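# Topology and contacts: notes
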Amino acid sequence: MYKVRRWVVRHARLFERVYRGFEPLLIRLHPFWRRIGYARAEAPVKAVEKRVKGFLFDCQMCGKCTLSATGMSCPMNCPKNLRNGPCGGVRANGNCEVEPEMRCVWVDAWEGSRRMKYGDRIQVVQEPVDFRLKDTSSWLRVVRELADHPRERADSGADG
């Protein structure tokens, strides 16, 4: 997964475009999700999301995805779970101080964000991880939030 994760970051602009096309489809499905019930949709949607995002981003299913704000580099892959930038221990070669053979996810995040149209969102402070959301679908959460607050959609920076 590590090699795929690094490849995705190098192609962050492409994945940003893919998600920008995918998000409206998810939102159009809001009446369907609401009709069958978000709770009933959670398990099958989460299973698909986990496979797709797990393969591409080495997603940890935190439930509050920030990929589009972090250069398509999942900050939950940081051994310290840092959500807003690197620790003080990034090695001179850009690798992690905890796992020296791994590139710092925040070095990747910065590089990926520079390739993205909305890459300046990396400078927006992210909320702390809410561990109660672990192993839940961020896709369904985004749909509910954007369907309930459509005016905020353009500025949302919602993630996949």
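Counting from 1, residues in each chain are numbered in the order their sequence is written. Under the rules for a predicted model, residues below a pLDDT of 70 receive no local features and side-chain atom pairs below 80 are neither given nor counted, while totals for whole chains, interfaces and linings still include all residues. Values shown for side chains rest on all heavy atoms present in the structure; no hydrogens or waters enter the calculation.

## Things to note about the overall build of the protein chain
A helix here means a DSSP run of H or I that spans at least four residues, while a strand means a run of E at least two residues long, and both kinds are numbered starting from the N terminus. Along the protein chain, the regular secondary structure elements total seven helices and zero strands. Of the regular secondary structure in the protein chain, the N- to C-terminal order runs α-α-α-α-α-α-α. Since a compact globule built from 160 residues should have a radius of gyration of about 15 Å, the 16 Å found for the protein chain is in line with a globular shape. Projected onto the principal axes, the alpha-carbon positions of the protein chain cover approximately 50 × 30 × 25 Å. By definition, residues are in contact when any of their heavy atoms lie within 4.5 Å. A separation of at least 24 residues holds for 65% of the contacts in the protein chain among residues at least 6 apart in sequence. Throughout, radius of gyration means the C-alpha value; the globule benchmark is 2.2 Å times the number of residues raised to the power 0.38.

## Quick notes on the side chain of Thr136
Note on placement: Thr136 falls in the loop between helix H5 (105–115) and helix H6 (138–148). Relative accessible area decides the class of each residue, using a 1.4 Å probe on protein chains only: under 20% of the type maximum gives buried, over 50% gives exposed, and in between gives partly exposed. We classify Thr136 as buried; its relative accessible area is 17%. Within 3.5 Å is the distance limit for a polar contact, defined as a pair of N or O atoms, with the added protein rule that one can donate a hydrogen and the other accept it, and that residues adjacent in sequence qualify only through two side-chain atoms. At 2.4 Å, the side chain of Thr136 and the backbone oxygen of Leu133 are in polar contact. Non-local contacts of Thr136, meaning those with residues more than four positions away in its chain, are made with Glu42, Lys46, Met61, Gly63 and Arg141.

## Quick word on unusual backbone geometry
Non-glycine residue Met72 carries a positive phi angle of around 65°. Mapped onto the elements of the fold, Met72 is located in the loop between helix H4 (38–57) and H5. Judged by its relative accessible area of 5%, Met72 is buried. Here Asp135, not a glycine, exhibits a phi torsion of approximately 65°, which is positive. In this fold, Asp135 is placed in the loop between H5 and H6. Judged by its relative accessible area of 36%, Asp135 falls in the partly exposed class.

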